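Chain residues, written in single-letter form:
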Amino acid sequence: MTTTLRPAGPEEAYPDGGRDRRWLVCANGRPVGSVHTSAHPYGNHLTGRIDDLEITEGRRRGRGTIAVLAAEEVLRAWGCHRAEVTVPVEAVPAHALALALGYTDANRKLLKRLGQPPALRPDLTIRPIDGADFTEWLAGTKAEYRAHLRTAGLTEAQAQERCEADHTHLLHQGHATQGVVLRHLVAGGRPVGSLWVALRDGRLPDGTALAWVMTVEVDAAERGKGYGRELMLAAERECLAAGVDALGLNVYSANQVAIALYESLGYRTTRRVLAKSL
């Protein structure tokens, strides 16, 4: 029995160079499922994504495996050198399939519905990251992001391109960008950590407003003092003050210390992102 992909509709092309198409998974020409491919530009390179794989008939016959491999060929033809798949945490068989096909865990998405957090520790203060210190903060944040991207498998050039593209898009007006919270945590009169939250990142399926932690950083010499926890609690207070009742974040799978912190605060993994070089 031959399993192939057949277009489920026209390909979408975007002005930034991105591409998007949905496919039917067919067995001997008969639809037995569906899958979605897309390509996303970061500077001069494209990252591909394979989403919404569903086999509706004849599971455990290798159709999902063949569909993913065929989707990878689509991404290669589009010029992608990397593929990412996002798997809901409850989809254990899909996670196992991705690992078997050579994907590795890159990062995970966590979520928390917010209650009222405790007040800031009395020995600490929070202050805005304004024009005077924004440039220094941004340089450090970009360096950290590039390092994470290289760890996740991007080349130096790809990491640089993606870093610049993402920060230009997300902070297009610098520290004055609307809907963005930028804060320093101060101890003993000097900054020991920083926080970046996007307050309007969308909504959950039930309509609950969702914010997103973009970065939470503690200076290397100051770690182990509870400052990361205080920054996360500060993020929750900022969200609630803005009328946002859910907070999400991305964490790299290798960062087990951060994952343990977030889970201790009540965050739960909702999705896993896996990646593979094509």
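Use the structure listed above.
For every chain, the first residue of its written sequence is number 1, and the numbers climb from 1 along that sequence. Reporting of local features is limited, given that this is a predicted model, to residues whose pLDDT is at least 70; pairs of side-chain atoms are given and counted only at 80 or more, and all residues count toward the totals for whole chains, interfaces and linings. Here the side-chain values reflect all heavy atoms present in the structure, with hydrogen atoms and water set aside.

What follows deals with the overall build of the chain. Note on conventions: DSSP H or I runs of at least 4 residues are helices, E runs of at least 2 residues are strands, and numbering of each starts at the N terminus. Along its length, the chain carries six helices and 13 strands. Its C-alpha atoms give the chain principal-axis dimensions of roughly 70 × 35 × 30 Å. Classification of residues uses two cut-offs on accessible area relative to the type maximum, computed with a 1.4 Å probe and protein chains only: under 20% is buried, over 50% is exposed, and between them is partly exposed. Counting only residues that meet the buried cut, the chain has 45% of its 278 residues in that class. We call two residues in contact when some of their heavy atoms are within 4.5 Å. Considering only intrachain contacts with a sequence separation of at least 6, the fraction spanning at least 24 residues in the chain is 63%. Reported accessibility uses the Shrake-Rupley method at a 1.4 Å probe radius. Residues are deemed covered only where the shown protein chains occlude them. On the chain, roughly 13900 Å² of surface is accessible, and the fraction owed to carbon and sulfur atoms is 52%. Looking at charge distribution, the chain has the averaged site of its 34 positive side-chain charges lying 5 Å from that of its 32 negative ones. Charged residues are defined narrowly, with Lys and Arg counted positive, Asp and Glu counted negative, and His plus the chain ends left uncounted. Note on charges: their place is set at NZ of Lys, CZ of Arg, CG of Asp or CD of Glu.

With that settled, the discussion passes to the environment of E164. Examined against the element boundaries, E164 turns out to sit in helix α4 (residues 156-170). Owing to a relative accessible area of 28%, E164 belongs among the partly exposed residues under this scheme. Residues E164 and E54, 110 residues apart in the sequence, show an inter-C-alpha distance of 35 Å. E164 has contacts with K142 and R146, leaving out every residue within four places of it along the chain.

Attention shifts here to the pairing of strand β6 (residues 80-88). Strands are treated as partners if at least two bridges between them are detected by DSSP. The sheet contact formed by strand β5 (residues 45-55) and β6 spans four bridges and is parallel. Opposite I50, over in β6, you have V85 as the bridge partner. In this view, the connection linking β5 to its parallel neighbour β6 by way of helix α1 (residues 63-77) has right-handed handedness. Alignment of β6 against strand β13 (residues 268-277), held across seven bridges, turns out to be antiparallel. Across the sheet, the residue bridging to T86 is V273, located in β13. Whether a crossover is right-handed comes down to one check: with the strands pointing away from the viewer, does the path from the first strand over the helix to the second run clockwise; if it does, it is right-handed.

Let us look at the nonpolar core. The nonpolar core is taken to be a set of buried Ala, Val, Leu, Ile, Met, Phe, Trp, Tyr and Cys residues, with the residues joined through side-chain atoms within 4.5 Å. Judged by nonpolar contacts, the single largest core of 30 residues is most densely connected at V197, C239, L247, L249, Y262 and Y267. Of all the elements in the fold, those that place two or more residues in this core are β9 (180-187), β10 (190-203), β11 (209-218), α5 (227-241), β12 (246-252) and α6 (256-264). Considering each element in turn, this core owes the most residues, seven residues, to α5. Not counting residues up to four positions away in its chain, the partners in contact with Y267 are L110, L111, K112, L114, M232, E236, L247, L249 and Y262.

This part covers the pattern of salt bridges. Counted as salt bridges are all cases of a side-chain nitrogen of Lys or Arg within 4 Å of a carboxyl oxygen of Asp or Glu. A complete count under the given rule lists 19 salt bridges for this structure. With a closest N to O distance of 3.1 Å, D206 and R113 form a salt bridge. Linking D206 in the loop between β10 and β11 with R113 in strand β7 (residues 104-113), this pair joins segments that are 93 residues apart in sequence. On the accessibility criterion, R113 (49% relative accessible area) is partly exposed. Residue D123 is joined to R121 by a salt bridge in which the shortest nitrogen-to-oxygen separation is 2.9 Å. In this structure, a network of salt bridges that share partners links the residues R49, R82, E84, R162 and D166.

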